[in-house]
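Chain by chain, the residues:
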Amino acid sequence: MESEPRTWSGPGAPERLTLLRRARSIAIVGASDKPSRASYFVATYLLSSSPYTVYFVNPVAREILGRPVYASLADLPEVPDIVDVFRRHDDLPQVLAESLAVGAKTLWLQLGSWHEEVARDAEAAGMDVVMDRCIKIEHARFHGGLNLAGFNTGVISSKRQLTA
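Residues numbered from 1 in each chain as written. Predicted model: local features only at pLDDT ≥ 70, side-chain atom pairs only at ≥ 80, totals over all residues. Heavy atoms only, no water.

**Q** What should I look at first to understand the packing of aromatic side chains in this one?
**A** Any aromatic ring pair is given by two values, namely how distant the centres are and how the planes are angled relative to each other. This model, assessed by the stated rule, comprises two aromatic pairs. Here Trp 8 and Trp 114 contribute two aromatic rings whose centre-to-centre distance is 5.6 Å and whose plane-to-plane angle is 70 degrees, an arrangement assigned as edge-to-face. Remark: Trp 114 occurs in the loop between strand S6 (106-109) and helix H4 (116-124) and Trp 8 occurs in the segment before helix H1 (13-22); sequence separation between them is 106 residues. By relative accessible area, which is 11% here, Trp 8 ends up buried. (Phe/Tyr/Trp six-rings, centres within 6.5 Å; stacked < 30°, edge-to-face > 60°. Helix = DSSP H or I, 4+ residues; strand = E, 2+ residues; numbered from the N terminus. Buried < 20%, exposed > 50% of the residue type's maximum accessible area, 1.4 Å probe, protein only.)

Now the structure itself:
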């Protein structure tokens, strides 16, 4: 993560829940076929525990989790609602440019990823922006599948799941 000052204020929990609820598709930019990578773990979760159509974007990988990988956002068969980004800080302006070019609605930068200029530019262009948050953790948080370790324990709780 870059050490730039944090002045941008992102959406609160209710707004993040709204973003996740209105989304139907997610493109994971920087998806990896390596099981040790965070993007692989997030992809596994989204495919097994969410209703989203999930696309993988990586110019060098061919297949991840038995699914095709696309070289760019422009190559996807549809415009993704959320562009979930696992890329280096210096790559984020280019990812934003590609996201805007295809008409994506939300730019979601994963844990440890923060770029104030990209956030301002995305919002000025009408996009929603989430930074330094894991989409897997946020989805699980809102759907009752998160404990302190970030995994669904299968424990039944008296806490109610958020509903529409």
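**Q** What exactly am I supposed to notice about helix H5 (residues 135-142) here?
**A** Residues that lie three or four places apart on an α-helix share one face, since the helix turns once every 3.6 residues. Burial runs high along H5: six of the eight residues are buried. Considered for burial, the residues of H5 that qualify are Ile 135, Lys 136, Glu 138, His 139, Ala 140 and Phe 142. In the core, the buried residues of H5 are packed alongside H1, strand S1 (25-29), helix H2 (38-49), strand S5 (82-85) and S6. Positive phi shows up at Gly 144, right after H5, with a value of about 75 degrees. (Contact = heavy atoms within 4.5 Å.)

**Q** Hey, could you run me through H4 in this one?
**A** Along H4, the residues classified as buried are Glu 116, Val 118, Ala 119 and Ala 122. For H4, the angular spread of the buried residues around the axis is 160 degrees, confining them to a single face. Check the buried side of H4 and you find it contacts helix H3 (92-102), S6 and strand S7 (128-130). A positive phi of about 95 degrees marks Gly 126, the residue just after H4. (Arc of directions from axis to C-beta.)

**Q** Any chance you could explain the pairing of strand S2 (residues 53-57) here in plain terms?
**A** Along any regular strand the residues' side chains alternate between the sheet's two faces. Extensive coverage of S2 is indicated by the burial of four of its five residues. Two strands pair when backbone bridges link them, and S1 and S2 are joined in this way by five bridges, in the parallel orientation. Directly across from Ile 28, in S2, lies its bridge partner Phe 56. Of the crossover connections in this fold, the one passing from S1 over H2 to the parallel S2 is right-handed. With two bridges connecting them, S2 and strand S4 (residues 67-70) associate as parallel partners. Residue pairing for S4: Phe 56 is matched across the bridge by Val 69. (Pairing = 2+ DSSP bridges. Right-handed = clockwise from strand over helix to strand, strands pointing away.)

**Q** When you look at the sheet that holds S6 in this model, what are you seeing that I'm missing?
**A** Hydrogen bonds between backbone atoms are what pair the strands of a sheet, whose relative direction is either parallel or antiparallel. With mixed pairing, seven strands are arranged side by side in an open sheet as S3-S4-S2-S1-S5-S6-S7. Two strands in the sheet have a free side with no partner beyond their single neighbour: strand S3 (63-64) and S7. Sheet topology note: the S6/S7 ladder contains three bridges and is parallel. Directly across from Trp 108, in S7, lies its bridge partner Val 130. Against the sheet, H2 makes contact with S1, S2, S3, S4 and S5, and its axis sits at roughly 165 degrees relative to S1, the strand it touches most. (Axes fitted to C-alpha atoms, helices over the stretch in contact; angles between N-to-C directions.)

Everything listed here is a matter of coordinates, which is why it stays silent on function.
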